[in-house]
Amino acid sequence: MIRIADLYAGIGGIRLGFEQAFGKENVDCVFTSEIDKHSVTTYSANFGEENIYGDIRKIKISASEIPDHDILLAGFPCQSFSVAGLKKGFNDERGQAFFEIERILKAKRPQVLLLENVPNLKSINNGEVFQLMLKHLKDLGYKVNYEILSGKDFGVPQNRRRLYIVGSLDHNKNFEFPKPTKIKTYVSDIIEKDVDETYCLSDYRWNHLRDNKIKEHTGFGGYKVWTGQERYVVTLRSGYAAHPENLLFETERNPRLLTERECARLQGFPDSFTVNAVSRNQAYKQLGNSVCVPVIKAIANQIKNIFFTEDC
């Protein structure tokens, strides 16, 4: 049995990837922390309510009181480091999240850690922020590897590049990130049939998007309308409801938004995963903030095979 701690858990995408890799029956999540109440609703609907805490900065137990665990997982807040954000790094309150992770690592000494963030983390302040993070992890005794991987290389039709950091206290074993599976996928793989017209853009909104596309008013280069024949879409973002970068072509209607289920499929969540425990807009936000589960599963398989073969 592998014990995990799931920090900045969101809706549980990282946990799900580890459960898929190790087998759900072999994973015991002893501690979960998530600040957003709507994300907690979705997380609870899929994993139950046991061992879920709120904001890691405000929980009323010390780091030493957190249950022992073998693997620490954290998709910590990325807004401080993203191209879309203000790129303040550690000067932003959200950028301080790393030090909460460090505090728990120091107290609990899990054998392995996995951190996930945006690729831009490597370049903030000419790389100084990232190098400081690596130094802190190494000072705690962790041998660190990192790599940028994209969802489109692991079986989902989304070009979602993310930075993954794996650390281990065992310096005698060499971690290697998984190689891309190169499974061919198409946007059509995630499309639902007979989608309700409420997902279609109104005439006003469709005209507004077209009129303003050249201004790149979303901050991400406007929108794209996909027919379904393409290999992948652009990165799904948390602000999708307000700024839909990805739209689907409709023959007799205005282009439409992706449904919540289609967004979940873009992130590699199985259809058995509950996404409608919250409002549509909240679901879009949660899925845009989540992870590509197949990428996590591939990394988790590597972690299992290299560090935990005897435990599973």
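Rules behind the numbers
- Residues numbered from 1 in each chain as written.
- Predicted model: local features only at pLDDT ≥ 70, side-chain atom pairs only at ≥ 80, totals over all residues.
- Heavy atoms only, no water.
- Phe/Tyr/Trp six-rings, centres within 6.5 Å; stacked < 30°, edge-to-face > 60°.
- Helix = DSSP H or I, 4+ residues; strand = E, 2+ residues; numbered from the N terminus.
- Buried < 20%, exposed > 50% of the residue type's maximum accessible area, 1.4 Å probe, protein only.
- 1 Å grid on protein atoms, 1.4 Å probe; cavity = no way out; pocket = protein on both sides within 12 Å on 5 of 7 lines; lining within 4 Å.
- Points joined across faces, edges and corners; volume = space filled by probe spheres on them.
- Nonpolar A, V, L, I, M, F, W, Y, C, P; charged D, E, K, R; others polar.
- Pairing = 2+ DSSP bridges.
- Contact = heavy atoms within 4.5 Å.
- Axes fitted to C-alpha atoms, helices over the stretch in contact; angles between N-to-C directions.
- Core = buried A, V, L, I, M, F, W, Y, C linked by side-chain atoms within 4.5 Å.

This paragraph deals with the packing of aromatic side chains. Counted according to the given criterion, the structure contains 13 aromatic pairs. Seen in terms of ring centroids, phenylalanine 31 and tyrosine 53 are 4.8 Å apart; in terms of plane orientation they differ by 25°. Their pairing is stacked. In this pair, phenylalanine 31 is assigned in strand S2 (residues 27–33) and tyrosine 53 in strand S3 (residues 52–53), connecting sequence segments 22 residues apart. Under the relative-accessibility criterion, phenylalanine 31 is labelled buried at 0%. Between the aromatic rings of phenylalanine 175 and phenylalanine 177, the centroid separation amounts to 4.9 Å while the plane-to-plane angle is 85°, which identifies the pairing as edge-to-face.

Summed over all chains, the structure comprises one cavity of 30 Å³ or more. The computed volume of the largest cavity comes to approximately 40 Å³. Taken together, Lys143, Asn145, Val166, Gly167, Ser168, Asp170, Lys173, Phe175 and Phe307 make up the full set of residues lining the largest cavity. Every element with two or more residues in the lining of the largest cavity is listed here: strand S6 (143–150) and strand S7 (161–168). In terms of residue count, the dominant contributor to the lining of the largest cavity is S7 (three residues). A class-by-class count of the residues in the lining of the largest cavity yields three nonpolar, three polar and three charged.

Strand pairing in a sheet is mediated by backbone hydrogen bonds. Such pairs are either parallel or antiparallel. The sheet built from seven strands is open, its strands ordered S3-S2-S1-S4-S5-S7-S6 with mixed pairing. Edge positions in the open sheet fall to S3 and S6, since each of these has one partner strand only. Note that strand S4 (residues 71–74) and strand S5 (residues 112–117) share four bridges and pair parallel. Within S5, the position partnered with leucine 72 by the bridge is leucine 113. Strands strand S1 (2–7), S4 and S5 of the sheet are contacted by helix H3 (residues 97–108), whose axis makes an angle of about 170° with S4. Where helix H4 (residues 128–139) meets the sheet, it contacts S5, S6 and S7, and its direction lies at approximately 140° from that of S6.

What follows covers the nonpolar core. Counting 59 residues, the largest nonpolar core has Phe18, Phe22, Ile71, Leu114, Ile299 and Ile303 as the members making the most contacts within it. For this core, the leading source of residues is helix H8 (residues 293–307), giving eight residues. Here phenylalanine 18 is in contact with Gly23, Val27, Ile71, Leu73, Leu114, Ile296, Ala300 and Ile303, once residues within four sequence places are set aside. Core analysis: the second largest hydrophobic core is formed by 30 residues, Ile66, Leu121, Leu134 and Leu140 among them.

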